Amino acid sequence: MEKFTKISGIAAPMPMINIDTDMIIPKQFLKTIKRSGLGVNLFDEMRYDDDGNEIPDFVLNKPAYREAEILIAGDNFGCGSSREHAPWAIKDFGIRCVIAPSFADIFHNNCFKNGILPIALPQDQVDILMNEAQKGANARIDVDLEAQTITTSEGDIISFEVDAFKKHCLLEGLDDIGLTLEKANAINTFESTVGTTRPWV
């Protein structure tokens, strides 16, 4: 998994509340088990019309936000079903950080497992960042995971909380497989001795 240390990027404003996982990646795109290739279908039903043409007014179709790395969203982001394809699509589009007042628990955990930093902040602080994001390419937001800070283009600093273990995993680029491989030596030692110490196994 790609490490997350800090990013400095364009933030896309998406003030809708209750953005669920079916809005993030509709069910017809769930057949794949690949983590790549889903970015083009992120927010598919809001992004394209029935003929597959881009809807110009949708935020990620606007020139200023096509390269967005941060998403500023409304309350209860990622609610709905537990599909892991939702963070896959977000990451594949290029978004590495989602900031909202709150997240659905399963989506929140899936973000960390896929190299995305979800940051929950009080509504008034999200409002500040939402206004900042509406400046488009004229404003870049810095997110520093090690320092646990967000810095606006005006130099204002907002601190955020993050679970220490999840922070470690993001900083080191460790998903569940990576965490297991950290114990590879201990696992190999156990496997090499278990046959003699526990022959009945």
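Residues numbered from 1 in each chain as written. Predicted model: local features only at pLDDT ≥ 70, side-chain atom pairs only at ≥ 80, totals over all residues. Heavy atoms only, no water.

J.: Outline the sheet that holds strand E7 (residues 149-151), supporting the account with residue identities and numerical values.
T.: Strand order in the open sheet formed by 4 strands is E1-E6-E7-E8, with antiparallel pairing between adjacent strands. Two strands in the sheet have a free side with no partner beyond their single neighbour: strand E1 (6-9) and strand E8 (157-159). Direction aside, neighbouring strands of the sheet carry axes that sit 15° apart on average. Relative to strand E6 (residues 141-144), E1 is paired through 4 bridges, and the arrangement is antiparallel. Pairing of Gly9 across the sheet is with Ile141, part of E6. (Pairing = 2+ DSSP bridges. Helix = DSSP H or I, 4+ residues; strand = E, 2+ residues; numbered from the N terminus. Axes fitted to C-alpha atoms, helices over the stretch in contact; angles between N-to-C directions.)

J.: Any chance you could break down the packing of aromatic side chains for me, citing the residues and the numbers?
T.: Counting across every chain of the model gives 4 aromatic pairs. Residues Phe43 and Phe58 carry aromatic rings whose centres are separated by 5.9 Å and whose planes lie at 55° to one another, so their mutual orientation is tilted. Of this pair, Phe43 sits in the loop between helix H1 (21-24) and helix H2 (44-47) while Phe58 is found in the loop between H2 and strand E3 (70-73), placing the two residues 15 residues apart along the sequence. Ring geometry for Phe77 versus Phe103: centroids 6.2 Å apart, planes at 80°, classification edge-to-face. Note that Phe77 is positioned in the loop between E3 and helix H3 (85-93) and Phe103 in the loop between strand E4 (97-100) and helix H4 (105-113), a separation of 26 residues in sequence. (Phe/Tyr/Trp six-rings, centres within 6.5 Å; stacked < 30°, edge-to-face > 60°.)

J.: How would you explain the pairing of strand E5 (residues 117-120) if you had to name every residue and give the values?
T.: Inspection of the sheet shows E4 paired to E5 by 4 bridges, in the parallel sense. Looking at the pairing, Ile99 lines up with Ile119 of E5. As a crossover connection, the stretch from E4 through H4 into E5 is right-handed. (Right-handed = clockwise from strand over helix to strand, strands pointing away.)

J.: Requested: an account of the environment of Asp92, with residues and values cited.
T.: Along the polypeptide, Asp92 turns up in helix H3. Taking the C-alpha atoms as reference points, Asp92 and Leu38, separated by 54 residues in sequence, lie 6.2 Å from one another. For Asp92, the contacting residues outside a window of four places in its chain are Arg35, Ser36, Gly37, Leu38 and Gly39. At 3.2 Å, the side chain of Asp92 forms a polar contact with the backbone nitrogen of Leu38. (Contact = heavy atoms within 4.5 Å. Polar contact = N/O pair within 3.5 Å; in protein donor to acceptor, adjacent residues only side chain to side chain.)

J.: Mind laying out the sheet that holds E5, listing which residues take part and the relevant values?
T.: Sheet architecture is open: 4 strands sit in the order E2-E3-E4-E5, paired in parallel fashion. Strand pairing shows two members of the sheet lacking a second neighbour, strand E2 (11-14) and E5, which therefore form its edges. Here the strands of the sheet are splayed against their neighbours by 20° on average, with no regard to which way each runs. Along the sheet face, helix H5 (residues 123-133) touches E2, E3 and E4 and points at about 125° away from the line of E3.

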